[in-house]
Structures are given as structure tokens and as C-alpha cells.
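Fold and geometry: a report
The lines below spell out each chain.
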Number of protein chains: 2
Amino acid sequence: MDSKIKESLINIVGPDNFTDALIDLVSFSYDSSGLNRRPAAAVWIHNTNQVAEVLKLANIHKFPVTPRGAGTSLSGSAVPQEGGLVLDMCPMNEILQISIEDRLVVVQPGVVFDHLNQVLAPYGFFFPPNPASGKVSTIGGNVATNAGGVKGAKYGTTRDYVLDLEVVLPNGSVLHTGSHTMKCVSGYDLTRLFVGSEGTLGVVTEVTLKINPIPRATTTCTATFYDLPQAGKAVSEIMHSGIIPSVLELMDSPTLQAVNQATDLDLPEVAAMLLVETDGYTQQEADYQMDKVVEALKNNDAAEIVQTSRVDEAENLWAARKAAYGVLTRLNYNVLAEDIVVPISKVAEMLAGILDISKRYSILIATVAHAGDGNIHPVIVYDGTDSGEADRVKQVEADLFKLAIELGGTLTGEHGVGIHKSRYMNMEHDSVFLEVMNGLKNLFDPNAILNPGKLGLKV
Amino acid sequence: MDSKIKESLINIVGPDNFTDALIDLVSFSYDSSGLNRRPAAAVWIHNTNQVAEVLKLANIHKFPVTPRGAGTSLSGSAVPQEGGLVLDMCPMNEILQISIEDRLVVVQPGVVFDHLNQVLAPYGFFFPPNPASGKVSTIGGNVATNAGGVKGAKYGTTRDYVLDLEVVLPNGSVLHTGSHTMKCVSGYDLTRLFVGSEGTLGVVTEVTLKINPIPRATTTCTATFYDLPQAGKAVSEIMHSGIIPSVLELMDSPTLQAVNQATDLDLPEVAAMLLVETDGYTQQEADYQMDKVVEALKNNDAAEIVQTSRVDEAENLWAARKAAYGVLTRLNYNVLAEDIVVPISKVAEMLAGILDISKRYSILIATVAHAGDGNIHPVIVYDGTDSGEADRVKQVEADLFKLAIELGGTLTGEHGVGIHKSRYMNMEHDSVFLEVMNGLKNLFDPNAILNPGKLGLKV
């Protein structure tokens, strides 16, 4: 890095908050996607003004800047540009305001998702999106990727809870996008333009979130299926049975096997297992919904249905689902967690297609899914050191995307586009959409300093 | 209108769908805001291609175009530019797809809100936003203004349900913004950029909406208060009691009096009445929540509480609220329905401020509110033929906005900015926000042909 730029950065953040040490650069070179590019330097950010000064500097010297939270992106959205600068936002980790009476919280971007919910729990409130990475991922990262999770079918995603953002624009000016109120239509919805924009339009430095009262009663059940697509049909029937489950997860046979190999949960190694949770303020409400769920499960040839309203028993049922991604990473050298979404009625067809693709290319695909909103994670498990296998994985991936889009679906429901899916954006979107995206990027960031190479943008 | 342009328009929409007859131009000159500007012509739109062709023509000849649904805007967002062209979107009124199994519907913009819900009811599903204008207002208008209503506290607003839009951009190209799936993060959230943009960025020609199962049980109650701000305190306590009511409406004393004058409902003419509804799939769930509500009401000195789970009794309680706006329009020559939102904990303070402002200027203000999300409608009732009174109303309005913003609130929660609040936008927003808005407008519509003079934009 140019010594003059280095000196300026040190002036902005202080010598203790700048690094170009190799060990740090290696740490900041990758995220959970497995992709990596080594930056020239990184700074630890402590306040909004530092972001503004860094971005002004970047605009003068035209160097790329990638904001970063906990680096749990599965699509490479937090991977920096080779030779660029990383803004580590984690030191901005204060909860600034808890206003239960206003049904909102104001937090800095470095606050960890689970920490926020731990702090809110004694008030009886929660921030519902529930990313699998919640133990470590930050609210800033959740906003940047519009994080979703296991409770999406009922509670939506991050986007549905963001009321206001403070954002530093690439030119260094500070934008307040919304209002600390439940409703606001005074002007364009700039808030949601930044949610999911993967740090390509501005750097979020403060987040105001709507929060919900915690539903006090839940009922949990698991159901096994001897046929994977049949489980998809059950999902579809549940989702139009007139209730909305708070959780509707699917695990397929390879996933169940992998869980058994790594834990003592002793799961039935059937074609698929569904994990369903219903909730409410009263047990009657949770149970009424579960009755509808069980009816739909029985109508669709569920083999074994286990139901409980006991927290400890529910925890056992959850253990398998929570272990799934972790145990899959142990099966082989590489895993690639895909993140397609199809219309709910097409879940069965997509699951059948995944089996098909897996067989055709002799590549192991283990599928977990937030099935209630059609969000399917085919996890491709392979040996990346075998070049033939690595090549087949590329075809597997392209075929998965192609099928999802043929079924009226989308490339990504919650992991984002990042670097990983950039080249597939034109499979889903036409030139009008992509031109508008590029126009917006150019409007906000004419020198393309912010997180370049992401989201299928030209810069 | 230039005869060449007229001829081109007739070529596009056909002679039966073009008008420059005075009677039509007068009809199209105003909306429910009372503002009016006479267009030079109007066309009835039947398909997407017609919109594209009209916008291309407008870009060549630089004439202003205002899309219009049912014209129920209370802020003038549907009032055309003097001498401009109105696009009446009402003929595009087909429900294109009802996919209960995918939890979505696809509709044309001219579909009426209530009609959609009547069609969905037999399936046990509904589109929750519930604008007071729902009997006539169109989905296109709901999208253009991000319409909300009495169920906002629990069910949110239009924005929370739009999955995908087909939009004709000012240059005539057709944009698809989202996906027919429950989740999608592949690219910037263009969908919500158009929701609430009041027809200034593009013309919506198709809308894909998420729908919800209808909760089958409701409990309704009314509570009277001898002190208006005290009712506001009750609202705040209800909203952090750990449940979310599906309805939490407030009517003040002038409103109750006006209802009594025009109906035989014989309401108690107290300082305020709250109307609360809780819902669920089971009666226990609705009742549990109502117990929490009643506890909060009692803690805050509610005078009389009437509770029912019977539909007919609930309808009586609703009758007053539904009549409110209509009866207020009969009290004097003019009404001005304001639409401020404050943080929930500030509702009491805002209500006290409204009483204060009303006294200070000797202007009648009748207040109804979607109190559960802090959305307050002070309805200013006055004699516009009295210039002194009309002048005082301007001051009343400015003082209301000033107070709302001092309390951390916003100019508009659901009526939009339109013409009416354009000049107040800089009271709420700083220059960075307004510059971004103008930048976006210029990116999409460089010739400023689409609905100029709205939203506080420069053009």
C-alpha cells in the first residue's frame, strides 16, 4: 500500500486500528464462502466519522474498500478486492437504545445477532430473523445481506424489521434513510435499497430495528418420509392449510446420515425429515396450528410423526437441524452451500431435480431447506483437489440454478450474490434489471470504490 | 394539446380510450386531497405495451404524465400536472393468478383492494393492508403510496407484501423487480424502491403480492377515556404488554360528537374512545391478548370497557370508526386529513399537543388514529371561504408537523407526500436525503415526465 495512503489511514483510525501485517491480511482475505483475495490493509472502525474520512480518502486515491462484519458470508460478499482495504466494523458494537415502549432498538452494525436477542429476552421481545450464523454474525452483516433464517415463513427476513439506517455514502456524506416510527412514507424507501446491497452502495453505521413480543408457546414436531419429493408435497399442503408455521425445515437422507456419523442422535435414515414448529401466545394456538400441520403430514404419507410441547424434547428435535451444516463440512474437503428459492408448490419438483442432478454427475448433494418459504439449501459435498470432481461441481451448480429459475425461482434467498453468483445473475435477470442495478451503483459510487466485484455489477 | 401528440396517443390506445373532453378533464383534475390541476388529456390504459408507447412519446415531446388509480389520494399524488396527460390505469383490472399453494396472487394495478379480498376470502386467505379507501382504491394506488390501514400494527403495510412488480420505466423499457418467491436477495431491492414512489419513477403494470391465511377468531373491545393524552398512555402500555393487537384505533371527542350528529350510534361523548381488536386462529389466543389489553386499559383509567367476541356486536363498535372520516367532512366546508406518525411512546404527548394547537388557533381538529403504530390523523375542519381561517389552518398544519418531527416522528405514515407535503420535506429530511431522492429521480426519469411536482422532488 502506498505509504501516503497508509499514513492518512493511520491518521484517521489511529495506529492501533490499522494493520498491514500478513497474519491479519490473511485473516481478512476470506469469508465462509471459501473464496479469498488478499487485501493490502485493514482498519478497525470505531465511529461513523472514521468511515466518512476513509471513504473520502478512497475516492481521492481510487482504492477499493470492503466493509466486513463477522465474515460469515457464504457467497463471498465479505471477501475484499485484491490489494484493497477492509473496514472491520466489529468494534462498533454498542446497543445504543432499547425502546420497548416504541417497539424498537437502535444498534451499531458490529452488534452480534444472538447478543441482541439475549439482551432483549428479559423484556419479552426479540428481533425475529434467525440466521444460522446468529451466534457470530453481526447486525450490519444481516442488513447487508438481508439475512433470513429458520423463522422466515412466519416472521420474514431482516428487511421487514429495518426502520432506519445511518449510512455513510461513498462520497463521505452521512445519510439517514428512514424514521424511528412504525410507519413512514415520506420519500423513497432508501432504507430497503441498502438492505441486501452487500456494502456496494454505502457503509451502514447505525441500524434501527422493529422488534416483536416473544410468542410464549410453541409446539414442535418431526415427520419422516420415505420419499423426498413427497416431503416437498407435505410442505406445500402445510403452507396452504390456513396457518403459518414458525418453522418448517427439511433435511434429506445424506444430511441425516451425516448427522448420525457425527453425533449420537441416532436419527432415522429416511429419505427426508421435516421439523415443524408452530407458536402463539397460548398453547391452544400453537396446538391448533400443529393439528393442521399433522393433518397435512398424514395426507402426504409421513412415516413417523413425533410431537412435543416440551422444551427439552423440542431441543432434541432441533439438535439435528442445528448440527446439519457443521457435520456436512466434515464429509469431504469441500462444501458449497447453495441457496435457491422456488415457489412453495415447486419444492417437491425441485427436490426431485436435486436427486436427479446428484445422480447424473455422481456428486453428493445433501439438502437442508427452510422449506416453508421455498428456500432450499442443496449442500454440495466434494473433493476440490480432484479436478474432474471440481469441474462436475460447476455443472451441478449451473444445473441447480437453471432448474430453480425454470421453476420460477431465484438464485438466492438469503446468502446473497456476492462473488459466487455474480456470473449467474443474467440467468435470472434481464438486461433492463441489470442496467438499473448498474445505474444505481454508478449514482451512489461513481468511482466504484465500495466492495467491487459483487452482486453481478459491472464494477 | 398538440394535435400531432393527440393523434399519436389515439394511435396507441385507440380513439375510445383517449379523451380531451372538458367533463373528463375536470374529473381527472383532482383527487381526494381537494387539490386540482387540469390536464390536457387522459387515456384509459389496457395493457403494458400502451404504457411503454405513451412514455416513449412523452419523452420525445417532453409532456408530463400522471398515472392514476381510483384517485383516493389525500395528498394530491394523483393530481396531474396542469396541461399534462393522465394515465387512467383502472381498465387494467384483472386478477391474473391466484396461487394459494404458492401463497401469492398476481394482479393488474386497477384491481380494487376490497374486490381482491372478496375473491380471496373463499380460499381462507387475505391481503392484509386495509386502507380506509379499500372499497374503491386500487392495488396500483396502494403500491404507489405504500397504503396502510387499521391493521398496520400487526400486519404492516403494502410494502411488506409486494414480492414482484412489473414496471414500465420512463424510457419505455419494462422492468421486473423481484421474484414470485417468498424470499429473494438476488440484486438490489428494486421492488420496494417503487413501492411508495407515487408514480414518479415508473408506472406499475403488474403486482405480485404475498397473502396470509385469515385468522378465524377475533375479540373486540372499546374503552372510553375522560382525558385524551391518557388514552395515548394506554396505547403505549398495550403496545409493550407483550402482544400485538390487530387493531388499535383512537377517536377523540370532536370525532365522537360528529359521529353522533350523523348517525344513531349514540356514542359516549368522552375525551377519547379506543377500539381494540385481537385475533388468532383460536378464540383462546384472541382472548389471551385481549386480557392483556384490558389490563393496560384499566391501568390507565379507562372509564368504560365493552368487550365482545360476537361478530354483530363488534360491527356496532366498528361502525363509529368507519363513519368517522365521512361525518367529519359534513361539519364544515373543508377538511384536511393529516397523517403524522410519532414513536409509540410519544402518542400521548402528540395528542396533548394537538389539543393545544387547536385551542391556540381556534381551529377544530378532530383526531382519529391508527394508534398502535403511532399513526395519527388530526383532521382539520374549517371554513376555507374565510381567508383568516384558511391562513390559520396553514399555521396549524405547520405546527402539527413541527411537533411530530420534534417528537421523533414523520410527516406521513400512509397518505404520502404528494403535492400537499412537498414543501415540508426539508423539515423532516436533511439535504443528503433530498439529494439522494433527486439523484434517483434523475436516474430513472431524466426528462422529468413522470408525475412531476410530487414528493418534494425538484422536478
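Residues numbered from 1 in each chain as written. Chains lettered and ligands numbered in written order. Predicted model: local features only at pLDDT ≥ 70, side-chain atom pairs only at ≥ 80, totals over all residues. Heavy atoms only, no water.

Once that is clear, we can look at the overall build of chain A. Helix and strand counts for chain A come out as 15 helices and 19 strands. On C-alpha atoms alone, chain A measures out to a radius of gyration of 22 Å, which is about the 23 Å that the 2.2 N^0.38 rule sets for 459 residues. The principal-axis extents of the C-alpha atoms in chain A amount to approximately 70 × 60 × 45 Å. Each of the 459 residues in chain A was classed as buried or not, and the buried ones make up 64%. Across chain A, contacts joining residues at least 24 apart in sequence account for 70% of those joining residues at least 6 apart. Total accessible area on chain A is roughly 15800 Å²; 47% of this is exposed by carbon and sulfur atoms. Counting 34 positive and 54 negative side-chain charges, chain A places the averaged centre of each group 4 Å from the other. (Helix = DSSP H or I, 4+ residues; strand = E, 2+ residues; numbered from the N terminus. Rg over C-alpha atoms; globule rule 2.2 N^0.38 Å. Buried < 20%, exposed > 50% of the residue type's maximum accessible area, 1.4 Å probe, protein only. Contact = heavy atoms within 4.5 Å. Areas by Shrake-Rupley, 256 points an atom, 1.4 Å probe, with all protein chains shown as cover. Lys, Arg positive; Asp, Glu negative; His and termini not counted. Charge placed at Lys NZ, Arg CZ, Asp CG, Glu CD.)

All names here are of chain A. Split into domains, chain A comes out as domain 1 (3–88), domain 2 (95–213) and domain 3 (215–414). Domain 1 and domain 2 are separated by 23 Å when their C-alpha centres are compared. Tallying the contact residues gives 12 residues for domain 1 and 16 residues for domain 2. Summing both sides of the interface, domain 1 and domain 2 together bury roughly 1100 Å²; the carbon and sulfur share of this comes to 68%. The interface formed by domain 1 and domain 2 includes 0 salt bridges. There are 2 residue pairs in polar contact (both at pLDDT 80 or more) connecting domain 1 and domain 2. Among the elements that make up the side of domain 1 that touches domain 2, the one with the highest residue count is helix α3 (residues 48–61) (6 residues). (Domains from an automatic or database assignment. Buried area = accessible area lost by both parts, 1.4 Å probe. Salt bridge = Lys/Arg side-chain N within 4 Å of Asp/Glu carboxyl O. Polar contact = N/O pair within 3.5 Å; in protein donor to acceptor, adjacent residues only side chain to side chain.)

With that settled, the discussion passes to the pairing of strand β13 (residues 247–252) of chain B. Residues and elements named next belong to chain B. Counted residue by residue, β13 has 6 buried out of 6 residues, so it is predominantly covered. Covered by surrounding structure in β13 are Val247, Glu249 and Met251 together with Leu248, Leu250 and Asp252, the residues of both alternating faces. The sheet contact formed by β13 and strand β14 (residues 272–280) spans 6 bridges and is antiparallel. Bridge pairing links Asp252 to Ala272 in β14. Pairing geometry for β13 and strand β18 (residues 364–370), over 3 bridges, is antiparallel. Counterpart to Glu249 in the pairing with β18 is His370. (Pairing = 2+ DSSP bridges.)

Our next topic: the side chain of B:Asp88. Residue and element names in this part refer to chain B. Turning to its location among the elements, Asp88 is positioned in strand β4 (residues 85–88). Buried charge without a partner: Asp88 forms no salt bridge, and the closest opposite charge is Arg68, 5.6 Å away. A distance of 3.2 Å separates a polar atom in the side chain of Asp88 from a polar atom in the side chain of Trp44. Filtering out sequence-adjacent residues up to four positions away, Asp88 remains in contact with Phe28, Val43, Trp44, Ile45, Arg68 and Gly69.

Paired through backbone hydrogen bonds, the strands of a sheet run either parallel or antiparallel to each other. Residue and element names in this part refer to chain A. One open sheet holds the 5 strands; their spatial order is β5-β6-β10-β8-β9, and the pairing between them is antiparallel. The two strands at the open ends of the sheet, each matched to only one other strand, are β5 (95–99) and β9 (174–176). Taking the axes of each pair of neighbouring strands and ignoring which way they run, one obtains an average angle of 10 degrees across the sheet. One ladder, built from 4 bridges, connects β5 with strand β6 (residues 104–107); its direction is antiparallel. Counterpart to Ile95 in the pairing with β6 is Val107. Contacts between α3 and the sheet are confined to β8 (162–168), β9 and β10 (203–210), with β8 contributing the most and set at about 50 degrees to the helix. Against the sheet, helix α4 (residues 113–120) engages β5, β6 and β10, with an angle of about 40 degrees to β5. (Axes fitted to C-alpha atoms, helices over the stretch in contact; angles between N-to-C directions.)

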